[in-house]
Amino acid sequence: LLVLFWGSAFAVVKVGLGYSPPLLFAGLRTLIGGLAMVLAAFLWGGSANLHRDWPVFLVLALFNVVLFIGFQTYAIVYLPSGSAAVLVYLQPILVGLLAWPILGETLTVAKITGLLLGFSGIVAVSAGSLSGAAGALSPLGVTLGAVSALCWALGTVFFKKYEARVSTLWAVAVPFVAGGAVLTAFGLSVEEWGEITWNTPFVASILYSGLVGISLAWVIWFALVRAGEASRVASYIFVVPLTAVLIGVLFLDEPLGYTLLIGAAFVVSGIYLVNREPRSKKGAGAHPG
């Protein structure tokens with residue numbers, strides 16, 4: 001479900017950005033996702049304990065929302081959706097590197113090889129998605145995509161470090177409402193509200209990317225990170241860009257080459273290498289609430 005939700009979100013966001021300035025779109029979809037999670041957190045998430053944990057929520061809002069989604073949205077503006085996915089999904093490699101010194105997770109040769117092999121598969125898929133469009137990649141878009149990946153990796157490792165203190169539902173609800181408000185406010189300062197075209201494709205895009213791409217997907221993501229090693233869990237999301245490229249081909253008429261099959265083989269092999277070693281210890285096993 002996580003792969004399907006995030007893979008489809010790239011194409012859906014690409015559609016929505018055709019009817020809205022990027023920051024306002026990012027802010028609105030993030031607010032929608034965050035507000036939906038506030039309701040869920042009040043019902044099932046226990047106490048938010050904002051007085052004690054506001055610094056944790058603040059850092060999560062900064063890295064996972066304001067910086068990650070802000071940079072990611074602009075990357076999608078300047079790049080094909082599949083190419084933006086490739087850069088954003090540098091994240092598993094960055095998580096593997098950061099989890100070693102910060103979380104004390106092992107960084108074996110097999111794990112490094114698996115992460116690199118998985119990313120090589122994503123690069124292969126990207127090459128296929130850009131066939132016939134040589135030179136179309138924007139340097140600014142590439143930079144924005146890479147920075148968004150770093151911010152997401154930092155947010156993931158930080159959540160794993162402090163996951164015992166916060167509910168999964170509140171870890172999505174509070175940062176995404178706060179971050180969504182910041183993105184929307186910044187968008188209003190540099191973009192025009194009147195530039196939004198409130199038609200059916202835009203409304204469908206913002207609702208899907210908010211409720212599915214943010215609310216549901218991020219709860220699943222944090223639950224998975226909570227349950228196991230961050231670097232092992234992150235390796236599975238190499239599959240997301242493959243899904244994004246395929247959906248871009250089917251619904252956005254983006255080009256695709258035979259390299260999808262080669263890339264998929266690399267990704268599956270990389271995920272296997274990262275996860276094939278027997279775990280020395282079980283995950284924390286904590287549950288939301």
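I will try to describe carefully the structure that is included in this document.

Moving on to the pattern of salt bridges. Taken as a whole and judged by the stated rule, the model has 5 salt bridges. For Arg 165, the salt bridge is made with Asp 53, and the minimal N-O distance between the two is 2.7 Å. Taken together, the residues span a long stretch of sequence, with Arg 165 in the loop between helix H7 (139-162) and helix H8 (168-190) and Asp 53 in helix H3 (residues 50-78) at a distance of 112 residues. The network of salt bridges with common partners includes Arg 52, Asp 53 and Arg 165.

Helical geometry: 3.6 residues make up each α-helical turn, so side chains three or four residues apart lie on a common side. Counted at 1.5 Å a residue, the expected span for helix H2 (residues 22-44) with its 23 residues is 33 Å, and the 33 Å between its end C-alpha atoms agrees. Phi turns positive one or two residues past the end of H2, at Gly 46, with a value near 70°.

Turning our eyes to something else, we now look at empty space enclosed by the protein. The gaps of empty space that remain are located by a probe, the size of a water molecule, rolled over the atoms. Applying the stated criterion to the full structure yields 1 cavity of 30 Å³ or more. Forming the boundary of the largest cavity are 14 residues, of which Trp 6, Arg 29, Phe 68, Gln 72 and Gly 213 lie nearest the centre. Those elements that provide at least two residues to the lining of the largest cavity are helix H1 (2-16), H3 and helix H9 (200-227). The class makeup of the residues in the lining of the largest cavity is 11 nonpolar, 2 polar and 1 charged.

For the coordinates displayed, the defined rule picks out 15 aromatic pairs. Here the aromatic rings of Phe 158 and Tyr 162 are separated by 4.7 Å at their centres, their planes lie at 45°, and the arrangement is tilted. Taken together, the residues span about one helical turn, with Phe 158 and Tyr 162 both in helix H7 at a distance of 4 residues. Looking at Tyr 162, the relative accessible area reads 26%, which means it is partly exposed. An aromatic cluster is built from Trp 6, Phe 68, Trp 152, Phe 159, Phe 176, Trp 218, Trp 221 and Phe 222, whose rings are joined through pairwise contacts.

In this structure, Trp 6, Ile 69, Tyr 89, Trp 152, Trp 218, Trp 221 and Ile 237 are the most contacted members of the largest nonpolar core, which totals 61 residues. Ranked by residue count, the leading element in this core is H9, at 10 residues. Apart from residues no more than four positions distant in its own chain, Ile 69 is found in contact with Ala 26, Arg 29, Thr 30, Asn 64, Phe 176, Leu 183 and Ile 214. Grouped together as the second largest cluster of nonpolar side chains are 12 residues, Ile 93, Leu 115, Phe 238 and Val 274 included.

Within the fold, Trp 152 resides in helix H7. When its relative accessible area of 0% is taken as the criterion, Trp 152 is described as buried. As a C-alpha pair, Trp 152 and Tyr 89 span 63 residues in sequence and 9.4 Å in three-dimensional space. The contact partners of Trp 152, leaving out residues within four places of it in the chain, are Trp 6, Phe 63, Asn 64, Phe 68, Val 88, Tyr 89, Gln 91, Trp 218, Trp 221 and Ile 237.

Turning our eyes to something else, we now look at the packing of H1 against helix H11 (residues 239-252). Between H1 and H11, the shortest axis-to-axis distance is 8 Å and the interhelical angle comes to 45°. Classified by the interaxial angle, the pair formed by H1 and H11 is oblique. The element H1 and its partner H11 pack so that their crossing is right-handed. Contacts between H1 and H11 involve Val 3, Trp 6, Gly 7, Ser 8, Phe 10, Ala 11, Lys 14 and Val 15 on the former and, on the latter, Val 239, Val 240, Thr 243, Ala 244, Ile 247 and Leu 252.

Definitions and cut-offs
Every chain begins its residue count from 1, and numbering advances along the sequence as written. Under the rules for a predicted model, residues below a pLDDT of 70 receive no local features and side-chain atom pairs below 80 are neither given nor counted, while totals for whole chains, interfaces and linings still include all residues. As a rule here, side-chain values come from all non-hydrogen atoms in the structure, and water together with hydrogens is ignored. The salt bridge definition used is simple: a Lys or Arg side-chain nitrogen within 4 Å of an Asp or Glu carboxyl oxygen. Helix and strand assignments come from DSSP, with helices taken as H or I runs of at least 4 residues and strands as E runs of at least 2, each series counted from the N terminus. A helix is expected to span 1.5 Å for every residue after the first. Lining residues are defined by having an atom within 4 Å of a point belonging to a cavity or pocket. Those points lie on a 1 Å grid over the protein atoms alone, cavities being sets where a 1.4 Å probe fits but cannot get out and pockets being open sets with protein on both sides within 12 Å along at least five of seven lines. Grid points are joined across faces, edges and corners, and a volume is the space filled by probe spheres set on the points. In this classification, Asp, Glu, Lys and Arg are treated as charged, Ala, Val, Leu, Ile, Met, Phe, Trp, Tyr, Cys and Pro as nonpolar, and every other residue, Gly included, as polar. Pairs were defined over the aromatic rings of Phe, Tyr and Trp, the Trp ring being its six-membered one, requiring ring centres within 6.5 Å. Orientation was assigned from the angle between planes: stacked under 30 degrees, edge-to-face over 60, tilted for the rest. Exposure is judged per residue with a 1.4 Å probe applied to protein chains only, and the accessible area is read against the type maximum: over 50% gives exposed, under 20% gives buried, and values in between give partly exposed. What is meant by a nonpolar core is a set of buried Ala, Val, Leu, Ile, Met, Phe, Trp, Tyr and Cys residues, joined one to another through side-chain atoms within 4.5 Å. Contacts were defined at the residue level, with two residues in contact if any of their heavy atoms lie within 4.5 Å. For every element, the axis is a line fit to its C-alpha atoms; helices are fit only across the contacting stretch, and the angle between N-to-C directions ranges from 0 to 180 degrees. An angle below 35 degrees is treated as roughly parallel, one above 145 as roughly antiparallel, one from 65 to 115 as roughly perpendicular, and anything else as oblique. Less than a right angle of anticlockwise turn of the near helix away from the far helix marks a crossing as left-handed, whereas a clockwise turn marks it as right-handed.

Function-wise, these values are silent; they only describe arrangement.
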